[in-house]
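Architecture at a glance
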Amino acid sequence: TPLVWLGLGGVAPDDNVNALHWQGRLHWLMVAIALMSVPAYLLATADLDPVWHRISSFLDLVIVVAFAAELAWMMRVSSHPWRYFFENWLNVVIIAGAAAAAFGTATEWIAVVRSMRAAVALLVVVRAAAEFRFLFTRKGAPMLLGIAFLTMLALGALFYWLDPAIKTFWDGLW
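All of the points below concern the structure found in this document. (Residues numbered from 1 in each chain as written. Predicted model: local features only at pLDDT ≥ 70, side-chain atom pairs only at ≥ 80, totals over all residues. Heavy atoms only, no water.)

Focus: the packing of helix α4 (residues 50-77) against helix α6 (residues 89-103)
Two packed helices can be described by the angle between their axes and the distance between those axes. Rules: Between the N-to-C directions of two axes lies an angle of 0 to 180 degrees, each axis being a line fitted to C-alpha atoms and, for a helix, fitted only over the stretch in contact. By definition, any uninterrupted DSSP run of H or I lasting at least four residues is a helix, any uninterrupted run of E lasting at least two residues is a strand, and each is numbered from the N terminus. Geometric relationships in this document are graded by angle, where less than 35 degrees denotes roughly parallel, more than 145 denotes roughly antiparallel, 65 to 115 denotes roughly perpendicular, and other angles denote oblique. Crossing handedness: left-handed means the near helix sits turned counterclockwise from the far one by under a right angle, and right-handed means the same turn made clockwise. For this analysis, residues touch if any pair of their heavy atoms sits within 4.5 Å. Following the grouping adopted for this structure description, the nonpolar residues are Ala, Val, Leu, Ile, Met, Phe, Trp, Tyr, Cys and Pro, the charged ones are Asp, Glu, Lys and Arg, and the polar ones are all others, Gly among them.
In contact at an axis separation of 8 Å, α4 and α6 are set at 150° when each is read in the N-to-C sense. It follows that α4 is roughly antiparallel to α6 by the angle criterion. Pair α4 / α6 crosses with left-handed handedness. Between α4, through S57, D60, L61, I63, V64, F67, A68, E70 and L71, and α6, the contact on the second element is made entirely by N91, V92, I94, I95, A98, A99, A101, A102 and F103. A class-by-class count of the residues in the contact of α4 with α6 yields 14 nonpolar, two polar and two charged.

A short note on the packing of aromatic side chains
This is how the line gets drawn: Only the six-membered ring of Trp is used, alongside the rings of Phe and Tyr, when aromatic pairs are assigned; centres must lie within 6.5 Å, and planes under 30 degrees apart are stacked while those over 60 apart are edge-to-face, with the rest tilted. Under the scheme applied here, a residue whose accessible area is under 20% of the maximum for its type counts as buried, over 50% as exposed, and between as partly exposed, the area being computed with a 1.4 Å probe on protein chains only.
Tallied over the full model, the rule gives five aromatic pairs. For the pair W22 and W73, a centre-to-centre distance of 5.2 Å together with 80° between the ring planes defines the contact as edge-to-face. With W22 in helix α2 (residues 17-35) and W73 in helix α4, this pair connects stretches of sequence that are 51 residues apart. Given the relative accessible area of 31%, W73 is considered partly exposed. Each ring, one from W82 and one from F86, has its centre 6.3 Å from the other, and the planes form 35°; the classification is tilted. Of this pair, W82 and F86 are both found in helix α5 (residues 81-87), four residues apart, which corresponds to roughly one turn of the helix. Summarising the burial analysis for this pair, W82 and F86 share the class exposed. Three or more aromatic residues joined by ring pairs form one cluster here, namely W82, F85 and F86.

So, in structure tokens, the structure goes:
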């Protein structure tokens, strides 16, 4: 299936009840943790106080630990651990990218690390978007419009906050 190709297979429908139960319990928590890579990337690449860069590295470390723990746990409870591993290869890429970003920010490989951060952020957004399939149906269209509007407002505020050349919220929004 296309989700398996993208590394988003999840637990197979024919896996045991315990694995399906844990997937349901951990699913939205992992989506929230995955989305932490976006502010981590923004904080790492912005020209801000160094404390924000340490916060960014901490967020990357949280992502590494959470994804590694989830992958290990799900492989433990699954009846088909290696099937789970290979059908969810995106988790391994996220772990590797977040680890590179968390532990490599003080090296001369800064360009590679920043590229890895951008790639991880993109892959995480792909993973999160795949979980919101219902938004792209007829019944989900009003919610999608609302989310798009709120996202636009939030990003406008973010540009206003991060870019010193932007003097008003409306300029950040524009």
